[in-house]
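# Chain and residue survey
One letter stands for each residue in the lines below.
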Amino acid sequence: GENVEQHPSTLSVQEGDSAVIKCTYSDSASNYFPWYKQELGKGPQLIIDIRSNVGEKKDQRIAVTLNKTAKHFSLHITETQPEDSAVYFCAAPMDSNYQLIWGAGTKLIIKP
Amino acid sequence: DVKVTQSSRYLVKRTGEKVFLECVQDMDHENMFWYRQDPGLGLRLIYFSYDVKMKEKGDIPEGYSVSREKKERFSLILESASTNQTSMYLCASSFGGGRTEAFFGQGTRLTVV
């Protein structure tokens, strides 16, 4: 079955700098890779996703890259701001088509 | 806006009690999920449902059951609460399962004493 590993568990960056979070997956058949952001006291919320027919997708300051050969995908946040502080989760679908397998999460801290 | 509402933000229950966690979504989603969130372990799926009265076990169903009598409501039941069930519980819903956006409730932090 699918296994998703996420690194680092905690990331502290200076405001204005970039942040990168990486995930690896095991099932080469996986074709959908979402990233969720969880702010304090809230449930996770989808911020960006990528399907396997593209290598990169951008939305303003956030981008996701996918390397299907190496079976890893990454979240990139540029020009970080205090409101980017949160826990970020990556995920990949199981072959059942209903279930997502989640990474353990990355706590991103933006230092002023 | 899609809204997924969990009945309680915080709950404190005693060991052995029967506990009900309720979740309601207002977007006519077919799929609903119950997750447990613990530090360093990510989100672990307890149960999911892809239709009314249908349910499937996730990764950690032991000690839990679910009920889906109406499309918009998905209940998680702890038959006899134990201290190792102290956790954050998250409900989610989606149209298309694992390959479409999941919408989450705000979570219920359950403490079993």
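Before reading on, note that the structure itself is shown above.
Every value quoted in this text rests on a predicted model; they were computed, and no experiment measured them.

## Overview of the state of the cysteines
All names here are of chain A. Going through the model one piece at a time under the given rule, you end up with 2 disulfides over all chains. Bridging Cys 23 to Cys 90, the disulfide has an S-S length of 1.9 Å. Negative torsions about the S-S bond denote left-handed disulfides, and the value of about -95° found for Cys 23 with Cys 90 makes this one left-handed. Taken together, the positions of Cys 23 in strand β3 (residues 19-25) and Cys 90 in strand β9 (residues 86-93) put the pair 67 residues apart, joining distant regions of the chain.

## Thoughts on the nonpolar core
Ranked by internal contacts, the top residues of the largest apolar core, which has 25 residues, are A:Trp35, A:Phe73 and A:Leu108. Among the elements of the structure, β2 (10-14), β3, β4 (32-38), β5 (45-51), β7 (62-67), β8 (72-77), β9 and β11 (106-111) of chain A are those that each provide at least two residues to this core. Of all hydrophobic cores here, the second largest spans 20 residues; its members include B:Leu11, B:Leu21, B:Ile46 and B:Ile60.

## Notes on the sheet that holds strand β3 (residues 19-25) of chain B
Residue and element names in this part refer to chain B. Spatially, the 4 strands line up as an open sheet ordered β1-β3-β8-β7, and their pairing is antiparallel. Looking along the sheet, the strands with just one partner apiece sit at the ends: β1 (4-6) and β7 (64-70). Strand-to-strand twist in this sheet, taken as the mean axis angle between neighbours without regard to direction, amounts to 20°. Inspection of the sheet shows β7 paired to strand β8 (residues 73-78) by 5 bridges, in the antiparallel sense. Within the sheet, the bridge partner assigned to Lys 70 lies in β8 and is Arg 73.

Rules behind the numbers
- Residues numbered from 1 in each chain as written.
- Chains lettered and ligands numbered in written order.
- Predicted model: local features only at pLDDT ≥ 70, side-chain atom pairs only at ≥ 80, totals over all residues.
- Heavy atoms only, no water.
- Disulfide = S-S within 2.5 Å.
- Helix = DSSP H or I, 4+ residues; strand = E, 2+ residues; numbered from the N terminus.
- Core = buried A, V, L, I, M, F, W, Y, C linked by side-chain atoms within 4.5 Å.
- Buried < 20%, exposed > 50% of the residue type's maximum accessible area, 1.4 Å probe, protein only.
- Pairing = 2+ DSSP bridges.
- Axes fitted to C-alpha atoms, helices over the stretch in contact; angles between N-to-C directions.

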